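Okay, here's what each chain looks like letter by letter:
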Amino acid sequence: MRSIRHHLSLILPLFAILFCIEYLMVFDRITESHEKSLKESYSIILVADRSAKLSDISHRDTLIERVEKIDAENVLRRIKADMNPESAEKIRSIMPLFFSIKLKRYADGERIERLRSELISIPGVRDVHIFEKVHDRLYAMLLFMKISFTVFSVLIGAISLLLLVKQMTIWQFEHRERMQIMSLFGAPVWLRSGVLFRLAVVDALLALLFVVSALLYLVNDPGVVKLLDAVGATPERLFRFDDITVLAGVSFAIAVFSAGWVVLRFKEEQ
Amino acid sequence: MRNVIEASALKLAYPRHEPVIKSATFEVRTGEFVFVTGASGSGKSTLLKSMYGSMPLSGGELQVGGIDMDSISGSKLYKLRRHIGIIFQDYKLIREWSVEKNVMLPLIIAGFPKDVCRAQAQKLLTHVKLSHKSDKYPPELSGGEQQRVAMARALAHNPFLILADEPTGNLDDYSSQVVWNLLERANEELETTILVVTHHIPEMFSAHYRHLMIENGVVYEIH
């Protein structure tokens, strides 16, 4: 019973921290995928004189991911049939250039207006047409949820860290006597702290196992899958196998650091 | 006979306190049995601590096993301790370890294989008449039994020196007698050098011994 309590006092805070980290990663992935689909909703067409340079446009604003020149030959070919070659040539010579602008991320209305002003101020740019589907409210809600979860996770993480610090203090008392005795008989640091490190590593492994099991359960739960579907996310957004590497790294780092702290704080009694 | 312990004008003091030991000059030779007596607070335990490196020197010189205790580094100190057996008044057994594992401790530290450690522990537990309790844990034993386990542990690695701090301070007469007999036998049969810090030299002690006494921070040779 005492042994289970000993393990739980490290496993529980570790579990909470790992779960928070996973949640942050999941929310990041969901908002990222939403941003991606939302930014595709924008269609920005820029009309410019022949004097306008592609590089001027693409470097004008940090929001711009890339600028593509729209080939006007198709339109010209279609209208060529109904007019004489001279008129067609005349049209070609006075026809402006058209550019399609792709954005790096989704931006709200205010930011898009700023982009429009920036673009229109480029010499040679005649007009900027923005065709958009308004997703501001959905995006704002998503951002709000992300911030809320981040704050919530940070709070849980902080409380868990406090529990860990408390546990480290308890360890200091629990293991001091054994370490003291072993030290008096000449045990090197690695030998007298071996029990502590073994305990920390086992607990880190158990916490990781519990978190991964919980996530796998959630990924396979029909209710959760339905919920994910409703927000346009797939179960892969909830859990990826490469997440295990991140979680294992954090779990072992915290456990080993905690044990190391106790070992470094050990001082032989006089 | 070479000197196992050599103290010269040794001075010991706790930080921001007057020296407990103001001057100690003596030597202990191989195979000797030495009692150090003195009143409570006279510095007996402090003197002993300096011999296993738990108390830094404030002045003078102290050599244990030919090693200068003033300039000893951490790793050298641990190496020295692996060749010393220490017995404490409060036994200092690891509570969460079995009796057998406690006796095995110095051998585990020395890096012996597990079966060798176990065989030696069993031999010593038989020697101190506790082989039937090898699977028990220290809190399940009486004070006398715990001190016998501590004795077995101190002897496990055939140390060249045993330092004992009031080994019978918490024991009844019978258990005290057993402990003194064990120490006498270790000294006679194994020729282990033994230095015991105690209030009184036991009346029934029959082996040849030397007697040092601490008074007012000075160590005197009585005989």
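Residues numbered from 1 in each chain as written. Chains lettered and ligands numbered in written order. Predicted model: local features only at pLDDT ≥ 70, side-chain atom pairs only at ≥ 80, totals over all residues. Heavy atoms only, no water.

A. Representation of a nonpolar patch on the surface. Together, Leu143(A), Ile147(A), Val151(A) and Leu155(A) give the surface a local cluster of nonpolar side chains, amounting to about 350 Å² of exposed area. With respect to the helices, strands and loops of the structure, Val151(A) is situated in helix α6 (residues 136-184). (Patch = residues over 30% accessible without salt bridge, like charges linked within 9 Å, V, L, I, M, F, W, Y side chains within 5 Å. Areas by Shrake-Rupley, 256 points an atom, 1.4 Å probe, with all protein chains shown as cover. Salt bridge = Lys/Arg side-chain N within 4 Å of Asp/Glu carboxyl O. Helix = DSSP H or I, 4+ residues; strand = E, 2+ residues; numbered from the N terminus.)

B. Examining the interface of chain B and chain A more closely. Across the boundary between the two partners, chain B contributes 24 residues, which contact 15 residues of chain A. For chain B, the biggest contributors to the area lost against chain A are Tyr78(B), Arg81(B) and Ile109(B); these three give 28% of the whole. One salt bridge in this structure joins Glu177(A) and Arg95(B), with 2.8 Å as the shortest N-O distance. On inspection of chain B and its partner chain A, the count reaches four residue pairs in polar contact (both at pLDDT 80 or more). Elements that contribute at least two residues to the side of chain B that touches chain A include exactly α2 (74-81) and α3 (99-110) of chain B. (Contact = heavy atoms within 4.5 Å. Buried area = accessible area lost by both parts, 1.4 Å probe. Polar contact = N/O pair within 3.5 Å; in protein donor to acceptor, adjacent residues only side chain to side chain.)

C. Looking closely at the packing of aromatic side chains. According to the stated counting rule, one finds nine aromatic pairs over all chains in the structure shown. Geometrically, the ring pair formed by Phe19(A) and Tyr23(A) is tilted, given 6.1 Å between the ring centres and 45° between the ring planes. Of this pair, Phe19(A) and Tyr23(A) are both found in helix α1 (residues 2-39), four residues apart, which corresponds to roughly one turn of the helix. Among the residues examined, Tyr23(A) registers a relative accessible area of 35% and is labelled partly exposed. Pairing Phe33(B) with Phe35(B) gives two aromatic rings, centres 5.2 Å apart and planes at 45°, and the pair type is tilted. Take Phe33(B): its relative accessible area is 2%, and that puts it in the buried class. Members of the aromatic cluster, connected to one another through ring pairs, are Phe15(A), Phe19(A), Tyr23(A), Phe27(A) and Phe149(A). If you follow Lys92(B) out to its NZ or CZ, it ends over the ring of Phe88(B), 5.4 Å from the centre. (Phe/Tyr/Trp six-rings, centres within 6.5 Å; stacked < 30°, edge-to-face > 60°. Buried < 20%, exposed > 50% of the residue type's maximum accessible area, 1.4 Å probe, protein only. Lys NZ or Arg CZ within 6 Å of the ring centre and 35° of its normal.)

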